[in-house]
Amino acid sequence: MALTHYACTHCGGWILWFASREPVACPNCTDVRNALPQDDFTYLPIAEAPAQFSTRWQETLPGLWEFWTTPQLGLGSHGWLLQREAGNIAFEAAPFYDEASRKQLEVLGGIQVLAASHPHGYGALWQLQEFFDPELIIHKDDLKYTKAFRVNHPIDDFHAIDAEHEMLRLGGHYEGQTALYDHPRRILFLGDALKIDFDAAGRPVALSCHKGYHYAIPLTRDELLHYREVFGRFDFAHVCTPFEFGRGVNQALATALIDYLLTHGIHTSPVPLTSLHAYV
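What this report covers is the structure whose coordinates are included nearby. Note that the coordinates shown come from a computational prediction; the quantities given were computed from them, not determined experimentally. (Residues numbered from 1 in each chain as written. Predicted model: local features only at pLDDT ≥ 70, side-chain atom pairs only at ≥ 80, totals over all residues. Heavy atoms only, no water.)

1. Focus: the environment of Cys 29
Inference 1: Within the element layout of this structure, Cys 29 appears in helix α1 (residues 27-30).
Inference 2: Spatially, the C-alpha atoms of Cys 29 and His 153 are 26 Å apart, while their sequence positions differ by 124 residues. (Helix = DSSP H or I, 4+ residues; strand = E, 2+ residues; numbered from the N terminus.)

2. Re the packing of aromatic side chains
Inference 1: Under the definition given, this model contains 15 aromatic pairs.
Inference 2: Relative to Phe 18, the ring of Trp 17 has its centre 5.4 Å away and its plane inclined at 70°; by these criteria the two rings are edge-to-face.
Inference 3: Overall, the relative accessible area of 31% leaves Trp 17 in the partly exposed class.
Inference 4: The exposure class assigned to Phe 18 is partly exposed, which follows from its relative accessible area of 26%. (Phe/Tyr/Trp six-rings, centres within 6.5 Å; stacked < 30°, edge-to-face > 60°. Buried < 20%, exposed > 50% of the residue type's maximum accessible area, 1.4 Å probe, protein only.)

3. Some details on empty space enclosed by the protein
Inference 1: Tallied over the entire structure, the rule returns one cavity of 30 Å³ or more.
Inference 2: Lining the largest cavity, in full, are Phe 67, Gly 79, Trp 80, Leu 81, Ala 90, Tyr 97, Leu 105 and Leu 128.
Inference 3: Looking at the lining of the largest cavity, the element that brings in the most residues is strand β6 (residues 79-82), giving three residues. (1 Å grid on protein atoms, 1.4 Å probe; cavity = no way out; pocket = protein on both sides within 12 Å on 5 of 7 lines; lining within 4 Å. Points joined across faces, edges and corners; volume = space filled by probe spheres on them.)

4. Description of the side chain of Gln 129
Inference 1: On the secondary structure map, Gln 129 appears in helix α4 (residues 125-132).
Inference 2: Excluding its chain neighbours within four sequence positions, the residues that come into contact with Gln 129 are Leu 114, Pro 134, Leu 136, Phe 149, Arg 150 and Asn 152. (Contact = heavy atoms within 4.5 Å.)

Shown next as structure tokens:
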């Protein structure tokens, strides 16, 4: 029986399923770390996506490209492309890539290595795999969420892509949630280890972290301590989540959030950056 890809319109995650009938339920949304749709599940077959959605991109920093889908599909994840001489690295993915974005990725040099932090950043990884047939890296503990694409390089808790790009398991929010550190640009791609609140001008104003955001499930003490250990290994000046670029959210601020929570009680509410300065 033929298979095809369906996007859950609630979260934007893709499901590989039978072409003759829609999936019953989205595994991302039925997980406790995401919310259920208000009414019922609805799905977008890939054949219908080009008529409804397009892809946008911009160079966020020199050699760092950001891709997203418009109008927003599901949670609205963003995909990141790091240009390097040895072949580009793509981390996370937009929910849908149109033909124009595929051509833009080709102009930028294609994709040699493809990876993601955890299921909320997977987006349309399967499309990027079909376009470029890259090495596809996912932590072994999150393989159970990868039915929509084929992982050809599962990793343990540490993996060096090259001398300037390292991956390290963060855990916490998801068992296999994994960070990527880009040494040349001092950027930590940290999945949903941090949630960033912005003001109207797009400046970060508060940070929080969670096991489950929608149901306000906090992390445990040991999970926070592991976050702190990982943050302490990398001298980052900015962060990238699957949804935004956190300009100026640096190692000192990320570590200060953990210290604040361990001092004042663990919770999921946003902590203003002004409250974190005493811990920097």
